[in-house]
Amino acid sequence: MNETVEKVASHRDYAGAKLGMWLFLLTELGLFFGPLLLYVMHDIRHPEAFHAASQSLDKTIGFANTLILLTSSLTAALSVASIRRGKTELTLIFIFVTITLGGIFLVNKYLEWTGKIAHGIYPGGDAFAELPPGEAVFYGLYFFTTGLHGLHVIAGMIVLAVTATLTAGGIVNKRDFVKLENAALYWHLVDIIWIFLFPFFYLIS
Amino acid sequence: MSEGGEEGRERTGYATYALVWLGLMGLTWLSVTVAGLEAGALKIAGPLVIAAIKAVFVLAFFMHLKTERGLIRWVVVIGLIAFIVSGALVFSDVAYR
Amino acid sequence: MASEGAGYLGGGGGPNGLSSWIFSTDHKRIGILYLVSILSFFVVGVSLGFLMRLELISHGPTIMEASTYNSVFTLHGVVMLFLFIIPATPSIFGNFFLPIMIGANDVSFPKLNLLSWWFYMAGAALALATLALGPADTGWTFYAPYSLRTGTYVSLAVFAVFVLGLSSILTGINFVTTVHRLRAPGMGFWRMPLFVWAVYATAWIQIVATPILGVNLLLVIAERVFGIGVFDPAKGGDPILYQHLFWIYSHPAVYIMILPGMGIISEIIPVFARKVIFGYRAIAYSSLGIAGVGSLVWGHHMFVSGSSYTAGVIFSFFTFLVAIPSAIKVFNWVGTLYKGSIWLGTPFFFALAFIFLFSIGGLTGLILGALSVNVHLHDTYFVVSHFHYIKFGGAGFAFFAGLHYWLPKMTGRMYNARVANWSCLILFIGFNTLFFPMLLLGIEGMPRRYFDYLPQYSTLQIVSIVGSWVLVAGLIIMFANLLRGAFRGARTTENPWGGATLEWKIPSPPGRENFEKIPEVTKGPYDFRGLR
């Protein structure tokens, strides 16, 4: 009997769970470091082409999406703050808002992509094949990186949805909320990645 | 290293989060404005520096790095050093080819 | 039914079928899962290597066509690196012994640990599936732009490596967290066994570097499927950037292979010299040093690829620099032997073989790290020989040393020491006969990966091929002896070697829980006072 109690206690290692999560976030950063590094290096190699291609991206959508994701990050942080105060209902609302904002972000992204695809500018498209060499690379990286980021947004929404169920079921509560905290950490990371993608692709070339 | 020290940990108030969020919104607006300027170097460095500041805000407040244990800060620092140094080494190839 | 003394291997009253293994979250059982699966793939890798050598016994096609030869050396590389030597020591011995050595009952995330094995098996299945479909012929490096164009199943092979990388990352996260969170009372960082230090440093490389390989492989898939152009010169892309992203991971990966092996040697040497290890902190710090500096040397794979001269000078400098922490380790091991009370046990023979072979590998590495010499030796047999001295002569022999050191603890049974010693000698002779002629061939200009060769290389090629037969014979003898020992060997005691680290204080094999009560650590790992 005593032994089981000890086992449960050892499994509730908050600091360990969070350390593990942060290490995982580090690997996610590494994943995006690759394409960003490629972006900078190709920018050095083809400055004019990158400038031209960057101009054609819709800054307004990029700007709006940045604001949306930042706001969703706020609500994610607030969901953790409210579970710590024991306000389950408020927590659920904040998670719901976060997921919704993630969804709006994706809809915007979809519109932006389909706009480009309608003009044939996508890897394999007609206009893409006609592009000067550097511009093709820009769009290649644009689709790859924002696509990878989009997948992470979807993953984050799923993770948040699961933690919302756990919260509703009382498994995540005032005393034991590390799962929600880790889910929020993941969401913030997705936000941080976008914070960097936005200036790189939309602003500085 | 007290276990379950989560409840006792310092709690950030709702207002702080809201302020940080306002700051982030403002910085985003600023970066778009700076990028529109006609001032060469600032146009490129500005948005990137602002992005870095925004990331620090998210890390410090939303992700609670401010109140986090030293070890977790080390995770971030080690990652940053690794990425910056490897980036610089690749740069030493591409820029001087 | 649990037989007396079966420990974690027994059923403990419950069923002991396959599912009690492949769904087990016990770090010891997961270690055994890795042991069985990794060694199975090792057999595949050895067979491929053996066939490659055999093909070269005469000019022209002997047992396979040139294109088959390309696929065989690709698969040999993928299997040996990603399925054998990268996971071997951390996943088998790290899983089994790291928690025990720091006085913990399991790793921090046992379920993740099991998931990691499943990822490993999934990746392995995908890699071997290419064997049936049409194996890649790019070499294990998947260099663009050829990997973007070739008609073989490169995407599948690349995805297999991606999944294996995921497995490696999860293991790394688990080990770092475990070392920080689950050390027993009194087990400070400076009381950790050096094997734990080595695996800890390795885990950091796994976490930081592996994702970059992962995304690089995803980019290759995106290139092949959609043609995004980043590595394709025709679209303005740059294949050299592929090489950068590839080696940013793959050079540190060499240290993922060798560091845990060095950890094993650091355990064996003091136990068999009956003496506290010389320069404990220097060895611990040099593990971190290798992990750090070793991450900055990748460009020495690209001296003749068209990367800039500036980059060449910088990378050459760091390459020389990383020799220092490696040499610190070698000197400290030899320093430990000085005036020790040496016991010539089997693990010790393997450790000595390791030191000798690793030194050759390290020194030839310095030759290759020099910019001007590299131009002559690049992509010759010299390189092949160099990295086999490091990966097989180094990491491989260290792994064998670990098998002979720890298998009695894992199974509770002892192998035949005389046969084991002979197998070590045969392996050592076979290895050198196989790979030393390659150094000479490389200097004479024999390029690597060629299906055929000029007549003047015949003699040394034949010597090398005979060496591969001796090596395989040695492997067969060694594994037969170990297998027989594991199932039929005499029961061993809890501490057959007189080691002072925590794993020697619990029964052989260990019980289902490592420790009835978490121990209180009061002395260092190499304090042999009170032991025989």
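Because the structure is predicted, anything quoted here is derived from the model rather than measured.

### Things to note about the overall build of chain C
Broken down by element type, chain C carries 15 helices and 2 strands. Taking 2.2 N^0.38 as the reference for a compact globule, 532 residues should give roughly 24 Å; the C-alpha atoms of chain C span a radius of gyration of 23 Å, in line with that estimate. A principal-axis box enclosing the C-alpha atoms of chain C has dimensions of 65 × 50 × 45 Å. By the burial criterion, 57% of the 532 residues in chain C qualify as buried.

### Looking at the overall build of chain B
The number of helices and strands found in chain B is 3 helices and 0 strands. Each helix and strand of chain B, ordered N terminal to C terminal, gives the series α-α-α. Residue burial in chain B is summarised as follows: out of 97 residues, 28% are buried. Within chain B, contacts between residues at least 6 apart in sequence are counted, and of these 39% link residues at least 24 apart.

### A short note on the interface of chain A and chain B
Each partner contributes residues to the interface: chain A has 37 residues there, and chain B has 35 residues. Elements with a minimum of two residues in the side of chain A that touches chain B: helix 2 (14-45), helix 4 (59-84) and helix 8 (178-203) of chain A. With 13 residues, helix 2 of chain A is the largest single contributor of residues to the side of chain A that touches chain B. A per-class count over the side of chain A that touches chain B returns 25 nonpolar, 4 polar and 8 charged.

### Side note on the environment of Pro99(C)
Residue and element names in this part refer to chain C. Following the sequence through the fold, Pro99 ends up in helix 3 (residues 66-101). Judged by the 30 C-beta atoms lying within 10 Å of it, Pro99 falls in the buried class. Once the C-alpha coordinates of Pro99 and Phe317 are considered, the two residues, 218 residues apart in sequence, prove to be 38 Å apart. Every residue in contact with Pro99, bar those within four places of it in the chain, is listed here: His27, Ala104, Asn105, Asp106, Val107, Thr178, Leu182 and Asn514.

### Examining the nonpolar core
If you look at the biggest cluster of nonpolar residues, it comprises 262 residues, and the most contacted ones within it are Val196(C), Ile265(C), Ile268(C), Phe354(C) and Ala401(C). Of all the elements, helix 8 (residues 239-273) of chain C adds the most residues to this core, at 23 residues. Residue contributions to this core reach at least three from each of two domains, namely domain 1 (1-63) and domain 2 (69-97) of chain B. Apart from the residues within four sequence positions on either side, Ala401(C) is in contact with Ile264(C), Ile265(C), Ile268(C), Pro347(C), Phe350(C), Ala351(C) and Phe354(C).

### So, the interface of chain C and chain A
Contacts between the two partners involve 28 residues from chain C, matched on the other side by 28 residues from chain A. Each residue belonging to the side of chain C that touches chain A can be placed in one class, and the counts come to 16 nonpolar, 9 polar and 3 charged.

### A look at the environment of Ser266(C)
Residue and element names in this part refer to chain C. Along the chain, the position of Ser266 falls in helix 8. Remark: the alpha-carbon pair of Ser266 and Pro193, spanning 73 residues in sequence, is separated by 8.6 Å. The contacts of Ser266, once residues within four sequence positions are left out, are Leu194, Phe195, Ile277 and Ile283.

### Looking at helix 4 (residues 110-133) of chain C
Between its first and last C-alpha, helix 4 of chain C extends 35 Å over 24 residues, near the 34 Å set by a 1.5 Å rise per residue. Buried residues along helix 4 of chain C sit against helix 2 (27-55), helix 3 and helix 6 (154-181) of chain C.

### Details of the environment of Asn481(C)
When you line up the elements, Asn481(C) lands in helix 15 (residues 458-488). Sequence-distant contacts of Asn481(C), that is, excluding residues within four places in its chain, are made with Tyr415(C), Asn416(C), Val419(C), Ala420(C) and Ser423(C).

### Concerning the packing of helix 8 of chain A against helix 2 (residues 40-62) of chain B
Axis separation between helix 8 of chain A and helix 2 of chain B bottoms out at 10 Å; the angle between their running directions is 175 degrees. On the basis of the axis angle, helix 8 of chain A is roughly antiparallel to helix 2 of chain B. Contact residues: helix 8 of chain A offers His188(A), Asp191(A), Ile192(A), Ile195(A), Phe196(A), Pro199(A) and Leu203(A), while helix 2 of chain B offers Pro47(B), Leu48(B), Ala51(B), Lys54(B), Ala55(B), Val58(B) and Phe62(B). The class makeup of the residues in the contact of helix 8 of chain A with helix 2 of chain B is 11 nonpolar, 1 polar and 2 charged.

### A few points about unusual backbone geometry
Residue and element names in this part refer to chain C. Residue Pro145 follows Ala144 across a cis peptide bond; omega there is 0 degrees. Tracing the sequence through the fold places Pro145 in the loop between helix 4 and helix 5 (146-149). Put simply, Ser508 and Pro509 share a cis peptide bond, and its omega is -10 degrees. Mapped onto the secondary structure, Pro509 falls in the segment after strand 2 (490-491). A positive phi angle, near 50 degrees, is found at Phe142, a position not held by glycine. Relative to the elements of secondary structure, Phe142 occurs in the loop between helix 4 and helix 5. The backbone of Asp379 sits at a positive phi, close to 55 degrees, despite the residue not being glycine. With respect to the helices, strands and loops of the structure, Asp379 is situated in the loop between helix 12 (371-377) and helix 13 (381-411).

### Overview of helix 14 (residues 417-444) of chain C
All names here are of chain C. A rise of 1.5 Å per residue sets the reference length of helix 14, with its 28 residues, at 40 Å; its end C-alpha atoms lie 41 Å apart and thus fit the reference within 8%. At Thr433, helix 14 shows its maximal bend, which comes to roughly 25 degrees, and the proline Pro437 appears one to four places after that position. Just beyond helix 14, the residue with positive phi is Gly445, at close to 110 degrees.

### Some words on the confidence of the model for chain C
Per-residue pLDDT for chain C averages 94, and the proportion of residues at 70 or more is 98%. At the level of chain-chain contacts, confidence expressed as ipTM amounts to 0.94, with global pTM at 0.94.

### Here's the deal with the confidence of the model for chain B
Residue and element names in this part refer to chain B. Mean pLDDT for chain B: 86, with 89% of residues reaching 70 or above. Within chain B, no element has a lower average pLDDT than helix 2, which sits at 90, and none a higher one than helix 3 (residues 70-94), at 94. Scored below 50 in pLDDT, residues 1-5 shows 3 contacts in the model against residues more than four places distant or in partner chains.

What counts and what doesn't
- Residues numbered from 1 in each chain as written.
- Chains lettered and ligands numbered in written order.
- Predicted model: local features only at pLDDT ≥ 70, side-chain atom pairs only at ≥ 80, totals over all residues.
- Helix = DSSP H or I, 4+ residues; strand = E, 2+ residues; numbered from the N terminus.
- Rg over C-alpha atoms; globule rule 2.2 N^0.38 Å.
- Buried ≥ 20, exposed ≤ 12 C-beta atoms within 10 Å, placed from the backbone.
- Contact = placed C-beta atoms within 7 Å.
- Nonpolar A, V, L, I, M, F, W, Y, C, P; charged D, E, K, R; others polar.
- Core = buried A, V, L, I, M, F, W, Y, C linked by C-beta atoms within 7 Å.
- Domains from an automatic or database assignment.
- Expected span 1.5 Å × (residues − 1).
- Axes fitted to C-alpha atoms, helices over the stretch in contact; angles between N-to-C directions.
- Parallel < 35°, antiparallel > 145°, perpendicular 65-115°, else oblique.
- Bend = angle between axes of the 7 residues up to and from the residue.
- pLDDT = per-residue confidence, 0-100.

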